[in-house]
Amino acid sequence: MEIFLQLLITGILVGSIYALVALGWTLIYKCSGVLNLAMGELTLIGAYVCLTFYHWGIPFVLALFFTLVIGFILGILTEIIFLRPMVGEPHLAVIMVTVGLAFFFKGLVMLIWGTDTVVFSPPVFPIQPVFLGKVVVGQVFLWAFVASIILLVAFVSFFKFTKWGLSMQATADDEMAALSLGVNAKVVYALAWAIAFMAAGVGGTLLGNINGLNISVGYLGLLVLPAVVLGGLNSIPGAIVGGLVIGILQNLADGYLSRFTPGGVKEVFPFAVMVIVLLFKPYGLWGWVRIERV
Amino acid sequence: MEQKTNGVILKLNNIEVMYHEVILVLKGVSIEVPQGGIVALLGANGAGKSTTLKSISGLLKHEDGEVTDGSIEFMGEKIHHLSAEEISKRGIFQIIEGRRVFGHLTVEENLRVGAHLRGTGSATKERLEMVYHYFPRLVERRNIMAGFISGGEQQMTVIGRAMMARPKLMLLDEPSMGLAPLLIKEIFEIIKKLNQEEKIPLLLVEQNVKLALTVAPYAYVLETGRLVMHDTSEKLKENPDIRDFYLGLSDIGEKKSFRHVKHYKRRKRWLT
């Protein structure tokens, strides 16, 4: 039982990071219909940018803030340079552009920061673990959870209460009707990419604090796919729940199944779940039922 | 500028519209909407009514259509080359056909998106009050997802949403589509009230010709992309062709024969 609780709580804490990145992914898909396969690389860039600021001696919170700002700018630039010319082109072509972006960003990261694993030094969060009842949790996990939740709340309130947030949701629902009210779809797309970049950057930074930072942090971008498939591709609450569930499943699989295998269950398990979800609920838990032909 | 417009707020001069650079849909359409008036645009399916509205609102460009000839003037300014966003900034709002609410937003959120271009806190609240005044039915629905309310309420939401934007000209595309007759009556009464009290000029596209001719004092008739007739509603109601083709009325007691069908065809050809 204790082991179960331990795994569950760690799963939720890590899952909150996935939820954050999944929210960014969903947003792009929802608003502009682009299936973004470069999400992992967006997390990489954010993480390295934050690390660089931190190593320049800027306090972590401030470094994280700068990462958000840079993420915002890069997001808008990416949309304008790479995605805008593709508006109205076939889905598959746009997906291939995001694949290209993934390689481009990965190459850029390797070019600038190299391929060795780097860690935030001195460590941002104290190493002593915290006891929640009988469960032991690293402080890194706890703070990562807090940061993710703060950002999730910030993004969700942005969608719910601000003019542009509402207009983004409106564009996702019915682009023509939104246009008829004077909403500029180009701004909406750019904002979606900006927010995705910001969310991914913070997600990557938090994960980098937990495991150290190298190219494989970009693997997070793939993990987002089972999370959003589970939640339904265009549901924001779905993405958040999906992220949490994937985090939990991953940890449970690691705890209970890894001793029967030579390893790697943790990596495979979320995708097995994704396939099962697709079999029985192709639109996920909260996705909009509509036919997509790619 | 103001004098030149002579109380005409919108003027279409002989416009020609093409889709995908090959398909000619409108051939020389000229329409005038007077300040504060209601003008109806009538015609069968595929006559180009919706296209006319879209060419005014600029939405045409998002369907790969283009005004290739003629001009559209709004308050004395040529607007046919502007983007949809620019045109809505000048105060023209189209209510596209088919009750296109934002289904995953609540009714009130739908209305607030309408105020997108006029977005300041207290003014938005005032506009909301105004919309709820005209559509009291929406008050109790304000926190329900717009996808789940009835068709009539969706139509009200969509009209209210455009009202939020302080329109200087509203283009209404078939507000009666798929609604029960009683609801249609209710909605048209509200539309008339909006026009009289808020002084918003309307260009109304409608398949329900009888209804359109009672609401609008002046009407244009389109057929396969051409303007074939325009007159006051009173005169159009008396016009034998309109009575025959659009109102389904002919002189009572007259026996129908094959000759009438041929006559219909001939008339039809003459019209187009």
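Cut-offs and rules
Residues numbered from 1 in each chain as written. Chains lettered and ligands numbered in written order. Predicted model: local features only at pLDDT ≥ 70, side-chain atom pairs only at ≥ 80, totals over all residues. Heavy atoms only, no water. Phe/Tyr/Trp six-rings, centres within 6.5 Å; stacked < 30°, edge-to-face > 60°. Buried < 20%, exposed > 50% of the residue type's maximum accessible area, 1.4 Å probe, protein only. Helix = DSSP H or I, 4+ residues; strand = E, 2+ residues; numbered from the N terminus. Pairing = 2+ DSSP bridges. Contact = heavy atoms within 4.5 Å. pLDDT = per-residue confidence, 0-100. Axes fitted to C-alpha atoms, helices over the stretch in contact; angles between N-to-C directions. Buried area = accessible area lost by both parts, 1.4 Å probe. Salt bridge = Lys/Arg side-chain N within 4 Å of Asp/Glu carboxyl O. Polar contact = N/O pair within 3.5 Å; in protein donor to acceptor, adjacent residues only side chain to side chain. Nonpolar A, V, L, I, M, F, W, Y, C, P; charged D, E, K, R; others polar. Parallel < 35°, antiparallel > 145°, perpendicular 65-115°, else oblique. Left-handed = near helix turned anticlockwise from the far one by under 90°. Core = buried A, V, L, I, M, F, W, Y, C linked by side-chain atoms within 4.5 Å.

(A) Seen up close, the packing of aromatic side chains. Residue and element names in this part refer to chain A. Inspection of every chain in the model, using the stated rule, returns 14 aromatic pairs over all chains. Their ring planes at 50° and their centres at 6.2 Å tell us that phenylalanine 65 and phenylalanine 66 sit as a pair that is tilted. You can call phenylalanine 65 partly exposed: its relative accessible area is 48%. In this structure phenylalanine 66 comes out as partly exposed when scored by relative accessible area, which is 30%. Feature note: the residues Phe53, Trp56, Phe65 and Phe66 constitute an aromatic cluster, connected by ring pairs.

(B) Structural detail: the pairing of strand 7 (residues 169–173) of chain B. Residue and element names in this part refer to chain B. For strand 7, the buried fraction is high: five of the five residues fall into the buried class. Judged from the four bridges that link them, strand 6 (residues 92–95) and strand 7 form a sheet pairing that is parallel. The partner of phenylalanine 93 across the bridge, within strand 7, is methionine 170. Strand direction decides the pairing type here: strand 7 and strand 8 (residues 202–205), joined by four bridges, are parallel. Note that in strand 8 the partner of aspartate 173 across the bridge is valine 205.

(C) The environment of Lys192(B), seen in detail. Residues and elements named next belong to chain B. Along the chain, the position of lysine 192 falls in helix 7 (residues 181–198). For lysine 192, a relative accessible area of 35% puts it in the partly exposed group. Considered as a pair, lysine 192 and glutamate 73 are 119 residues apart in the sequence and their alpha carbons are 25 Å apart.

(D) Structural detail: helix 4 (residues 107–114) of chain B. The buried fraction of helix 4 of chain B is high, at seven of eight residues. If you check which residues of helix 4 of chain B are buried, you get Val107(B), Glu108(B), Glu109(B), Asn110(B), Leu111(B), Val113(B) and Gly114(B). Tucked into the core, helix 4 of chain B has its buried residues touching helix 5 (139–161) and helix 6 (163–173) of chain A together with helix 5 (121–134) and helix 6 (151–163) of chain B.

(E) Quick peek at the confidence of the model for chain B. Scored by pLDDT, chain B has a mean of 87; 88% of the residues are at 70 or more. Confidence estimates for the predicted assembly give a pTM of 0.86 and an ipTM of 0.85.

(F) Looking closely at the sheet that holds strand 4 (residues 65–74) of chain B. All names here are of chain B. Read from one edge to the other, the open sheet built from four strands follows the order 2-1-4-5, with strand pairing classed as antiparallel. What marks the edges here is a single partner per strand, and that holds for strand 2 (23–34) and strand 5 (77–78). Both strand 1 (residues 8–19) and strand 4 contribute to a ladder of eight bridges, which runs antiparallel. Counted as the bridge partner of tyrosine 19 is glycine 65 from strand 4. Helix-sheet contacts for helix 2 (residues 49–57) involve strand 1, strand 2 and strand 4, and the interaxial angle to strand 1 is about 110°.

(G) Examining the interface of chain B and chain A more closely. Facing 22 residues of chain B, the contacting portion of chain A comprises 20 residues. Of the roughly 2,100 Å² buried where chain B meets chain A, counting both sides, 62% is carbon and sulfur surface. Looking only at chain B, the three residues that lose the most surface to chain A are Phe102(B), His104(B) and His116(B), adding up to 30% of its buried area. Scanning the region where chain B abuts chain A turns up two salt bridges. Two residues, Lys160(A) and Glu109(B), come together in a salt bridge whose shortest N-O distance is 2.9 Å. Put simply, chain B and chain A have eight residue pairs in polar contact (both at pLDDT 80 or more) between them. Residue assignment for the side of chain B that touches chain A shows that the elements contributing at least two residues are helix 3 (84–89), strand 6, helix 4 and helix 6 of chain B. With four residues, the top contributor of residues to the side of chain B that touches chain A is helix 4 of chain B. Of the residues belonging to the side of chain B that touches chain A, the class tally is eight nonpolar, eight polar and six charged.

(H) Expanded view of the packing of helix 4 of chain B against helix 5 of chain B. All names here are of chain B. Taken N-terminus to C-terminus, the directions of helix 4 and helix 5 make an angle of 120°; their axes are 10 Å apart at the nearest point. By the angle class used here, helix 4 and helix 5 are oblique. Between helix 4 and helix 5 lies a crossing whose hand is right-handed. Mapping the contact onto sequence places Glu108, Leu111 and Arg112 in helix 4 and Thr124, Leu128, Val131 and Tyr132 in helix 5. Per-class residue counts for the contact of helix 4 with helix 5 are four nonpolar, one polar and two charged.

(I) The confidence of the model for chain A, seen in detail. Averaged over all residues, the pLDDT of chain A equals 89, while 98% of them reach at least 70. Per-element confidence in chain A is highest for helix 3 (residues 60–83) of chain A, whose mean pLDDT is 95, and lowest for strand 1 (residues 130–132) of chain A, whose mean pLDDT is 84.

(J) The arrangement of the sheet that holds strand 6 of chain B in detail. All names here are of chain B. With mixed pairing, six strands are arranged side by side in an open sheet as 6-7-8-3-9-10. The open sheet is flanked by strand 6 and strand 10 (226–232), the only strands paired with a single partner. If you compare each strand with its neighbour and ignore which way they point, the axes differ by 15° on average. Where helix 2 meets the sheet, it contacts strand 3 (38–43), strand 6, strand 7, strand 8 and strand 9 (218–223), and its direction lies at approximately 150° from that of strand 7.

(K) Up close: the environment of Lys186(A). All names here are of chain A. Mapped onto the elements, lysine 186 comes out in helix 8 (residues 185–211). Taking the C-alpha atoms as reference, lysine 186 lies 9.5 Å from serine 32; in sequence the two are 154 residues apart. Setting aside residues up to four positions removed in sequence, lysine 186 forms contacts with Glu79 and Arg84.

(L) Just the nonpolar core, in detail. Ranked by internal contacts, the top residues of the largest apolar core, which has 147 residues, are Phe155(A), Met168(A), Ile159(B) and Met170(B). Sorting elements by how many residues they give to this core places helix 8 of chain A first, with 15 residues. With residues up to four places along the chain from it excluded, the contact list for Ile159(B) reads Ile95(B), Phe135(B), Met170(B), Leu172(B), Ile187(B), Ile191(B) and Leu194(B). Counting 29 residues, the second-largest nonpolar core is a separate cluster that includes Tyr19(B), Leu82(B), Leu171(B) and Leu222(B).

(M) Summary view of the pattern of salt bridges. A full pass over the atoms with the stated rule returns 15 salt bridges over all chains. We note a salt bridge from Lys106(A) to Glu41(A), for which the minimum N-O separation is 3.6 Å. Taken together, the residues Lys106(A) in helix 4 (residues 91–113) and Glu41(A) in helix 2 (residues 39–55) connect sequence positions 65 residues apart. A relative accessible area of 28% means that Lys106(A) is categorised as partly exposed. A residue is classified by how much of its surface remains accessible, and Glu41(A), at 7% relative accessible area, is buried. A salt bridge links Lys54(B) to Glu63(B), with the shortest nitrogen-to-oxygen separation between them at 3.2 Å. Overall, the relative accessible area of 14% leaves Lys54(B) in the buried class. It is possible to trace a salt-bridge network through shared partners that takes in Arg137(B), Arg141(B), Glu153(B) and Glu186(B).

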